Amino acid sequence: SENYEKIKYKIEVTKQYLSKDYFVSQEEFAKLIETIIFYESEGNENFVSCDGKAGIIPLDKESARAVNLIVPDYETVTVICDEREITTFECNKIHSENCKKHIDERFNLQKSIDAGSKYLAFLTAEFNDQWLGIAAYKTSTESVRENCGLDTPNINECNADFEGARYAGIINSLKLEIEKSKNA
């Protein structure tokens, strides 16, 4: 589809930012990003989860801000948009000129892919393991340390009920399915 091709192009553009020090090849990392996009947001750049993560690669506002995206405080900011008072979340969906200064950059396709990729690369580097990085993306770095080993976390030693490890397994399985379907 046209949206899929646009997303693939944006991922290709993002690969230039990835360091070779993140323990997987750029091609492998791009495949992981593509898989996360289609699992988490189904390629919808306006995706918002029930827990407040947003964008094509859903990030919460703290994680998004950590990788330099502009994310307004929805609870405290109200703007006048098209002569009516609305929240900044509604403003982002409308994209009115009056709202531009309050735009949440998680809804910008390229910025979301760049930021999500950088955030996942950072987590991967922090744990020296792509699967622990993916587990931390889904949960948190603290949660990975608590459930997979405080000093030297290992994905194979995570608690059996740890959501992050299950998520990493799902992403790996999906990535393999996507690769298999492309080669068929």
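The text that follows walks through the structure, step by step, so that each part is easy to find. Here the structure is a predicted model, which means the values were calculated and not measured.

### Side note on the layout of surface pockets
Then comes step 1: The calculated volume of the largest pocket comes to roughly 160 Å³.
Then comes step 2: Lining of the largest pocket is provided by 14 residues; of these, D60, S63, Y119, A136 and S140 occupy positions nearest its centre.
Then comes step 3: Among the elements of the structure, α3 (61–66), α5 (109–127) and α6 (130–138) are those that each provide at least two residues to the lining of the largest pocket.
Then comes step 4: If you tally residues by element for the lining of the largest pocket, the top one is α5, at three residues.
Then comes step 5: By residue class, the composition of the lining of the largest pocket is eight nonpolar, four polar and two charged.

### Quick look at the pattern of salt bridges
Then comes step 1: Under the defined criterion, the tally for this structure stands at five salt bridges.
Then comes step 2: Among the salt bridges present, the one from E105 reaches K111, with a minimum N-O distance of 2.8 Å.
Then comes step 3: With a relative accessible area of 14%, E105 lands in the buried category.
Then comes step 4: Taking the relative accessible area as the measure of exposure, K111 reaches 35% and is therefore partly exposed.

### Concerning the packing of helix α2 (residues 26–40) against helix α8 (residues 163–183)
Then comes step 1: Axis separation between α2 and α8 bottoms out at 9 Å; the angle between their running directions is 105°. Between α2 and α8, the interaxial angle falls into the category roughly perpendicular. Between α2, through E28, K31, L32, E34, T35, I36, Y39 and E40, and α8, the contact on the second element is made entirely by Y167, I170, I171, L174, K175, I178, E179 and K182.
Then comes step 2: Taken together, the residues of the contact of α2 with α8 break down into eight nonpolar, one polar and seven charged.

### Digging into the nonpolar core
Then comes step 1: Within the largest apolar cluster, 34 residues are counted, with the highest numbers of intra-cluster contacts made by I36, I57, I134, Y137 and V144.
Then comes step 2: Those elements that provide at least two residues to this core are α2, α5, α6, α7 (141–148) and α8.
Then comes step 3: Dropping the residues within four chain positions of it, V144 is found in contact with F127, L132, A135, A136, T139, G149, P153 and F162.

### Let's talk about the state of the cysteines
Then comes step 1: With the rule as written, the count across this model stands at one disulfide.
Then comes step 2: Each sulfur of the disulfide joining C148 and C158 lies 2.0 Å from the other. Note on the C148 and C158 pair: the S-S dihedral is about 105°, so by sign convention the disulfide is right-handed. In this pair, C148 sits in helix α7 while C158 sits in the loop between α7 and α8, placing the two residues ten residues apart along the sequence.
Then comes step 3: For C158, a relative accessible area of 14% corresponds to the buried category.

### Quick look at the packing of aromatic side chains
Working definition: an aromatic ring pair is given by the centre-to-centre distance plus the angle between the planes.
Then comes step 1: Taken as a whole and judged by the stated rule, the model has two aromatic pairs.
Then comes step 2: Centre to centre, the rings of Y137 and Y167 are 6.3 Å apart; their planes meet at 35°, and the pair counts as tilted. Here the residue Y137 occupies a position in helix α6, and Y167 occupies one in helix α8, the gap between them amounting to 30 residues. Exposure class is identical for Y137 and Y167. Each is buried.
Then comes step 3: Directly above the aromatic system of Y137 lies the positively charged group of K53, at a separation of 5.4 Å from the ring centroid.

What counts, and at which threshold
- Residues numbered from 1 in each chain as written.
- Predicted model: local features only at pLDDT ≥ 70, side-chain atom pairs only at ≥ 80, totals over all residues.
- Heavy atoms only, no water.
- 1 Å grid on protein atoms, 1.4 Å probe; cavity = no way out; pocket = protein on both sides within 12 Å on 5 of 7 lines; lining within 4 Å.
- Points joined across faces, edges and corners; volume = space filled by probe spheres on them.
- Helix = DSSP H or I, 4+ residues; strand = E, 2+ residues; numbered from the N terminus.
- Nonpolar A, V, L, I, M, F, W, Y, C, P; charged D, E, K, R; others polar.
- Salt bridge = Lys/Arg side-chain N within 4 Å of Asp/Glu carboxyl O.
- Buried < 20%, exposed > 50% of the residue type's maximum accessible area, 1.4 Å probe, protein only.
- Axes fitted to C-alpha atoms, helices over the stretch in contact; angles between N-to-C directions.
- Parallel < 35°, antiparallel > 145°, perpendicular 65-115°, else oblique.
- Contact = heavy atoms within 4.5 Å.
- Core = buried A, V, L, I, M, F, W, Y, C linked by side-chain atoms within 4.5 Å.
- Disulfide = S-S within 2.5 Å.
- Phe/Tyr/Trp six-rings, centres within 6.5 Å; stacked < 30°, edge-to-face > 60°.
- Lys NZ or Arg CZ within 6 Å of the ring centre and 35° of its normal.

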